[in-house]
Every structure is written in structure tokens, then in C-alpha cells.
Amino acid sequence: MDADLLAGIAALRQRVASARRLVVLTGAGMSAESGIPTFRDAMTGLWSRFDPAALASEEGFRAAPDRVWAWYAERRAGVRAARPHAGHRALGQFAHRHPGRLTVVSQNVDDLHQRAGNLDTLRLHGDIGADRWLSACPRGLGCSPASALPGAPPHCADCGNLVRPGVVWFGEALPEATWSAAESAAEHCALMLVVGTSGAVWPAAGLAGRARRAGAHVAVINPHASELDDTAHQVLAGTAAAVLPALLDGV
Ligand code: OAD
């Protein structure tokens with residue numbers, strides 16, 4: 001780590017120690033060192049190779065359900081094979097040492113924060129491991145997607161309804177209760193760490209500005225420039241797995 005980064009971490013450790021409430025807002029960069037690709041990094045990001053409109057929208061799914069299902073099946077397998085890294089573990093251990101002080105708000109659809117101990121992580125964009133029906137049941141039966149006939153995608157034997165992954169696609173609303181809890185956490189924290197997000201997707205990105213306007217100190221942790229650098233008081237140019245343990249361990 002270079003001298004600027006070390007000095008930034010040392011200054012921020014004081015704030016971590018004194019903040020009564022902390023929010024850590026994470027994006028795909030948080031999972032990158034666990035081997036899960038980001039969306040917008042040049043070359044390696046998913047959206048440099050795949051079309052978001054075709055793979056992450058209801059229209060795209062309806063147009064080619066088998067193709068979209070297969071893409072999610074591959075990503076699900078990637079998530080299952082991935083392991084939390086030192087940054088996830090530092091957050092999980094901090095929450096364990098300081099019950100009630102830390103809220104993790106994540107745009108990630110993987111479960112790496114949960115597996116590292118942050119069980120109540122607010123997942124703004126859903127859960128890639130969950131299944132749900134594409135449409136409301138026409139007969140109002142309320143049956144579970146687990147009862148669908150296997151297939152790619154699985155479907156209802158009765159009405160033909162398709163099963164889709166439980167993630168938020170473009171054009172869809174965020175889960176309401178999760179979003180309200182994230183807004184409230186952002187507005188009541190003394191410190192927000194923004195880790196591994198480009199800040200390009202709203203409303204999630206807006207949480208940093210809300211925290212700042214409500215009086216929080218905002219620090220970005222990202223090896224590259226992001227759209228939230230100007231919102232932050234401080235930018236730490238390092239990776240999640242390197243910076244978070246240096247910042248949180250022993251505090
Ligand atoms: P992006 O792919 O847009 O941004 C990833 C960010 O992580 C970039 O700013 C990278 O510089 C940074 N990064 C890369 N490696 C890192 C590392 N090791 N440590 C820290 N940072 C690193 O991902 P998101 O901002 O999460 O939406 O994208 C937001 C949303 O866009 C996603 O939730 C997804 C996508 O479409 C949905 O699924 C609805």
C-alpha cells in the first residue's frame with residue numbers, strides 16, 4: 001500500500017472507532033476478489049460482453065427465457081463456488097464485535113456478506129439464489145416456484161407460468177421494505193463506506209449523497225475512479241480485500 005492510502009486508512013480508523021452507526025454500501029467490486037465478475041469494469045465486466053437489456057430485463061427474459069435462464073444458472077454456479085474474502089470477513093467480524101452498529105447495504109445479488117456473518121445485509125437488487133414466478137398466478141393459487149416442473153426455466157404444469165431469478169431487473173422497483181430500511185440507515189449513520197461500486201445505478205447510488213446531506217462522513221473504497229468520488233469526503237484508492245481488514249480489524 002502506498003503512503004497516501006495508509007494515511008487515509010489511519011485517519012478513517014479513528015472515525016470507524018467513534019461512529020455510533022456505520023453503513024457500508026457495497027457493489028460488484030466487493031465480490032470481485034472472490035472471483036465474481038463486476039458489471040462495468042472494462043474488459044472483465046459482464047456488461048462489456050453481454051447486453052443488459054437482453055439478460056437483465058423482463059422483456060429480455062420473455063423473448064428468450066431459455067437463454068436468460070442458462071446465463072443465470074451459470075452465474076448462480078459461480079456464486080456457489082465463490083468464497084467470502086478478507087474484506088467480507090472483516091465486516092462480519094466487526095458486526096459481531098459491535099452488535100447493532102453496522103448496516104451493510106449491498107447491490108450484490110450474491111450471498112457473500114451473509115456467509116461472512118452479516119446476516120441482515122440489505123440486498124437492494126435481490127437474491128440470485130432465489131426463484132420466483134414471472135407473473136402473478138392467473139388462478140390466484142399462490143403455489144411455490146419449488147412446485148414448478150423442472151426445465152430451463154422451470155414452469156407451472158397447470159398455467160405455464162415461468163420461474164425467474166429473484167433479482168431486480170432494469171425497469172423494476174427495488175424491494176420496498178429493504179429500500180426503506182436502507183434509506184433510513186443512510187440518514188442516521190455517522191459514517192458511510194462506499195465499497196466497490198461505480199455509482200452508476202440509481203437509486204442505490206443516491207444513498208451516498210443522502211448520508212452526506214444528513215451529516216455523515218462519506219468515504220469511497222475503490223481502486224478506480226467512481227461516480228461517487230465527488231460526493232465523498234475521502235477516497236481510498238485500494239481494493240476491498242486489502243482496505244477493509246486494515247480499516248476494521250482490531251477496532
Ligand atoms: P459496477 O460493475 O458498475 O462497478 C464495479 C466497481 O467496483 C467499479 O467502480 C470498480 O472500479 C470497482 N472495483 C473493481 N474491483 C474492485 C475491488 N477489488 N475492490 C473494490 N472495488 C473494486 O458494479 P455496481 O456498481 O455494483 O444491477 O453496479 C450496480 C448495479 O449495476 C448492479 O447491482 C447490477 C448492475 O446492472 C442489478 O443487478 C440490478
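Up top is the structure these notes are about.
So, here's what we can say about the structure. (Residues numbered from 1 in each chain as written. Predicted model: local features only at pLDDT ≥ 70, side-chain atom pairs only at ≥ 80, totals over all residues. Heavy atoms only, no water.)

## Quick look at the overall build of the protein
Reasoning step 1: Scanning the protein for helices and strands turns up eleven helices and eight strands.
Reasoning step 2: When burial is assessed residue by residue, the protein has 49% of its 251 residues classed as buried.
Reasoning step 3: Partitioning the intrachain contacts of the protein with sequence separation of at least 6 by distance along the chain shows that 68% fall at a separation of at least 24.
Reasoning step 4: As displayed, the protein offers around 11,700 Å² of accessible surface, 54% of which is attributable to carbon and sulfur atoms. (Helix = DSSP H or I, 4+ residues; strand = E, 2+ residues; numbered from the N terminus. Buried < 20%, exposed > 50% of the residue type's maximum accessible area, 1.4 Å probe, protein only. Contact = heavy atoms within 4.5 Å. Areas by Shrake-Rupley, 256 points an atom, 1.4 Å probe, with all protein chains shown as cover.)

## Quick notes on helix H7 (residues 86-97)
Reasoning step 1: End to end, H7 covers 16 Å across twelve residues, agreeing with the expected 16 Å (1.5 Å per residue, within 8%).
Reasoning step 2: Every buried residue of H7 is listed here: Gly 87, His 88, Ala 90, Leu 91, Gly 92 and Phe 94.
Reasoning step 3: If you follow the buried residues of H7, they end up packed against helix H1 (3-18), strand S1 (22-26), helix H2 (28-32), strand S2 (102-106), helix H8 (112-115) and helix H11 (240-248). (Expected span 1.5 Å × (residues − 1).)

## A few points about H1
Since the α-helix turns once every 3.6 residues, residues separated by three or four places project in the same direction.
Reasoning step 1: Helix length check: H1 (16 residues) gives 24 Å between terminal C-alpha atoms against 22 Å at 1.5 Å per residue, within 8%.
Reasoning step 2: Of all the residues in H1, the buried ones are Leu 5, Gly 8, Ile 9, Leu 12 and Val 16. One side of H1 holds all its buried residues, which, seen down the axis, span an arc of 100 degrees. Facing away from the buried side of H1, by more than 90 degrees, are the exposed residues Ala 3, Gln 14 and Ser 18.
Reasoning step 3: Those residues of H1 that are buried lie in contact with S1, H7, strand S6 (191-195), strand S7 (217-221), strand S8 (234-236) and H11.
Reasoning step 4: Between a side-chain oxygen at the N-terminus of H1 and the backbone nitrogen of Asp 4 the separation is 3.2 Å; the capping residue is Asp 2. (Arc of directions from axis to C-beta. Polar contact = N/O pair within 3.5 Å; in protein donor to acceptor, adjacent residues only side chain to side chain.)

## Comments concerning the site of the ligand
Reasoning step 1: Among the 23 residues in the neighbourhood of the ligand, the closest are listed as Ala 28, Phe 39, Arg 40, Thr 197 and Ser 198.
Reasoning step 2: A distance of 2.8 Å separates a nitrogen atom of the ligand from a polar side-chain atom of Glu 33.
Reasoning step 3: Within the side chain of Asn 222, an N or O atom sits 2.7 Å from an oxygen atom of the ligand.
Reasoning step 4: Expressed as a share of its isolated accessible area of 800 Å², the protein-covered part of the ligand is 93%.
Reasoning step 5: Take the shell around the ligand: its biggest share by element is three residues, from H2. (Near = heavy atom within 4 Å.)

## Re the packing of H1 against H11
Reasoning step 1: Interaxial distance between H1 and H11 falls to 8 Å at its minimum, and their mutual angle equals 45 degrees. Here H1 is positioned oblique relative to H11, judged by the angle of their axes. As H1 packs across H11, the resulting crossing turns out to be right-handed. The segment H1 lies against H11, with Leu 5, Ile 9, Leu 12, Arg 13 and Val 16 engaging Val 243, Ala 246, Leu 247 and Leu 248. (Axes fitted to C-alpha atoms, helices over the stretch in contact; angles between N-to-C directions. Parallel < 35°, antiparallel > 145°, perpendicular 65-115°, else oblique. Left-handed = near helix turned anticlockwise from the far one by under 90°.)

## A closer look at the pairing of strand S5 (residues 163-167)
Reasoning step 1: Burial within S5 is extensive, with five of its five residues counted as buried.
Reasoning step 2: Across five bridges, the pairing between strand S4 (residues 126-133) and S5 is antiparallel. By the bridge assignment, Gly 126 is partnered in S5 with Val 167. (Pairing = 2+ DSSP bridges.)

## Focus: the nonpolar core
Soluble globular proteins tend to pack their nonpolar side chains together in the buried interior.
Reasoning step 1: Core analysis: the biggest nonpolar cluster contains 25 residues, and Val 16, Leu 193, Val 195, Leu 244, Leu 247 and Leu 248 have the highest contact counts within it.
Reasoning step 2: Contributions of two or more residues to this core are made by H1, S1, H7, S2, S6, S7 and H11.
Reasoning step 3: Top contributing element to this core by residue count: H11, with five residues.
Reasoning step 4: Leu 244 has contacts with Met 30, Gly 87, Ala 90, Leu 91, Leu 193, Val 195, Ile 221, Thr 239 and Asp 249, leaving out every residue within four places of it along the chain.
Reasoning step 5: Among the nonpolar cores identified, the runner-up in size contains 23 residues, and Val 23, Val 105, Ala 211 and Leu 228 belong to it. (Core = buried A, V, L, I, M, F, W, Y, C linked by side-chain atoms within 4.5 Å.)

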